[in-house]
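Notes for the structure review
The lines below spell out each chain.
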Amino acid sequence: MAEVTYRDALNQALAEEMERDDQIFLMGEEVALYSGAYKVSQGLLQKFGEKRIIDAPITEAGFVGLGVGAAHVGMKPVIEVMTFNFAILALDQIINNAAKLRYMSGGQYTVPIVIRGPAGAGGSLGAQHSQSLEQQYVHIPGVKVVMPGTPHDAKGLLKSAIRDPDPVIFIESEKLYNVKGEIPEEEYLLPIGKAEVKKAGEDVTIITWSRMLTSAVLPAVEKLEAEEGISCEVIDVMTLRPLDIETLINSVRKTNRCVVVEESWPQSSVGSWISHEVQKRAFDYLDAPIGHVHQEDVPMPYAFNLEEATLPSPAKVVEAVKSACYLNR
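Calculation rules
Residues numbered from 1 in each chain as written. Predicted model: local features only at pLDDT ≥ 70, side-chain atom pairs only at ≥ 80, totals over all residues. Heavy atoms only, no water. Buried < 20%, exposed > 50% of the residue type's maximum accessible area, 1.4 Å probe, protein only. Helix = DSSP H or I, 4+ residues; strand = E, 2+ residues; numbered from the N terminus. Pairing = 2+ DSSP bridges. Axes fitted to C-alpha atoms, helices over the stretch in contact; angles between N-to-C directions. Parallel < 35°, antiparallel > 145°, perpendicular 65-115°, else oblique. Left-handed = near helix turned anticlockwise from the far one by under 90°. Contact = heavy atoms within 4.5 Å. Nonpolar A, V, L, I, M, F, W, Y, C, P; charged D, E, K, R; others polar. Core = buried A, V, L, I, M, F, W, Y, C linked by side-chain atoms within 4.5 Å.

With respect to burial, strand 5 (residues 114-119) is a largely interior element, 6 of its 6 residues being buried. Here strand 4 (residues 76-80) pairs with strand 5 via 3 bridges, running parallel. Bridging from a neighbouring strand, V78 pairs with V114 of strand 5.

Structure below.
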């Protein structure tokens with residue numbers, strides 16, 4: 001095992017896949033000469049050349065559309081958006097061209113494109129650069145949505161996403177790039193569409209994904225078990241579409257309680273949808289209402305202290321779990 005950062009895990013996945021298949025190329029703003037805004041593409045220009053590591057102008061609709069067109073004719077583009085906040089400008093290309101072509105062609109065409117980049121709070125970046133917008137993509141039939149929370153999962157899932165014949169939205173947290181974790185020395189892939197039980201438990205199921213796993217959930221679990229004696233089962237969804245609902249339901253049927261933790265806003269969110277599915281499929285097993293920890297329903301503040309206040313925290317997760325266990329009454 002080797003300890004690497006989340007950033008380096010993504011870099012390794014890109015390099016390994018580009019060495020394996022010469023139809024893969026990387027395109028995005030500053031991915032070549034500058035090595036990417038977050039240095040995920042460090043060294044790739046020198047290794048693969050300017051025909052496969054391509055700088056694009058600040059025109060998300062244009063270069064995402066170019067990638068979709070390249071995928072239509074057999075290439076395997078990886079399109080980096082500097083931030084998913086501005087992938088909004090390419091939604092027409094993603095929804096109307098990438099997501100629908102397999103269906104509209106009766107399966108004659110596939111669109112093997114990965115659209116990846118950072119999202120979520122980045123540390124005093126303001127409301128327009130600090131949004132968790134995964135619900136936009138989970139809503140769309142025809143795309144897969146992946147949000148890994150550790151370096152190990154990021155590498156294995158990015159390699160699988162690049163090999164997938166369908167469009168994959170691969171969302172990375174800005175605050176995870178420097179986080180370190182262990183990955184195997186040998187090649188490995190992780191399956192898209194499979195959640196993982198990160199920690200087994202008996203009293204409550206906590207469902208989460210991306211940065212919330214390490215920033216909010218695991219610290220809360222440590223406190224809950226040490227101070228309250230509550231045994232928590234932690235599930236990292238990892239793939240939001242397709243959702244591994246079976247793993248979630250099996251856990252809730254065991255623990256009889258559930259708390260969902262996400263970084264995005266509450267209304268019409270992925271967490272709200274997961275809560276609905278759990279309630280529908282495991283209603284007779286639930287001993288308490290499903291808890292939901294999320295960003296406050298306001299645009300992200302600019303000030304560091306207010307950003308922290310609006311996001312899910314270990315303290316908020318602790319309170320939600322204690323409420324699900326009826327310890328706050």
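Further remarks concern the packing of helix 1 (residues 6-20) against helix 7 (residues 151-163). Their axes nearest at 8 Å, the elements helix 1 and helix 7 cross at an angle of 30°. Looking at the two axes, helix 1 sits roughly parallel to helix 7. Along this stretch, helix 1 crosses helix 7, giving a crossing that reads as right-handed. Of helix 7, the residues touching helix 1 (which contributes Y6, A9, L10, Q12, A13, L14, E16, E17 and R20) are P151, A154, K155, L158, K159, I162 and R163. In the contact of helix 1 with helix 7, the residues fall into 9 nonpolar, 1 polar and 6 charged.

Right, let's talk about the nonpolar core for a bit. If you look at soluble globular proteins, the nonpolar side chains tend to sit buried side by side. The biggest cluster of nonpolar side chains holds 47 residues, and the ones touching the most others in it are V64, F84, I115, Y137, I169 and I274. The element that contributes the greatest number of residues to this core is helix 3 (residues 60-72), accounting for 5 residues. Every residue in contact with I169, bar those within four places of it in the chain, is listed here: F84, I94, I115, Y137, V143, K144, V145 and V146. In this structure, M18, I24, L44 and L45 belong to the second largest nonpolar core, which totals 34 residues.

Moving on: unusual backbone geometry. A cis geometry characterises the amide bond from R241 onward to P242, with omega recorded as 0°. The topology assignment puts P242 in the loop between strand 12 (239-241) and helix 9 (245-255).

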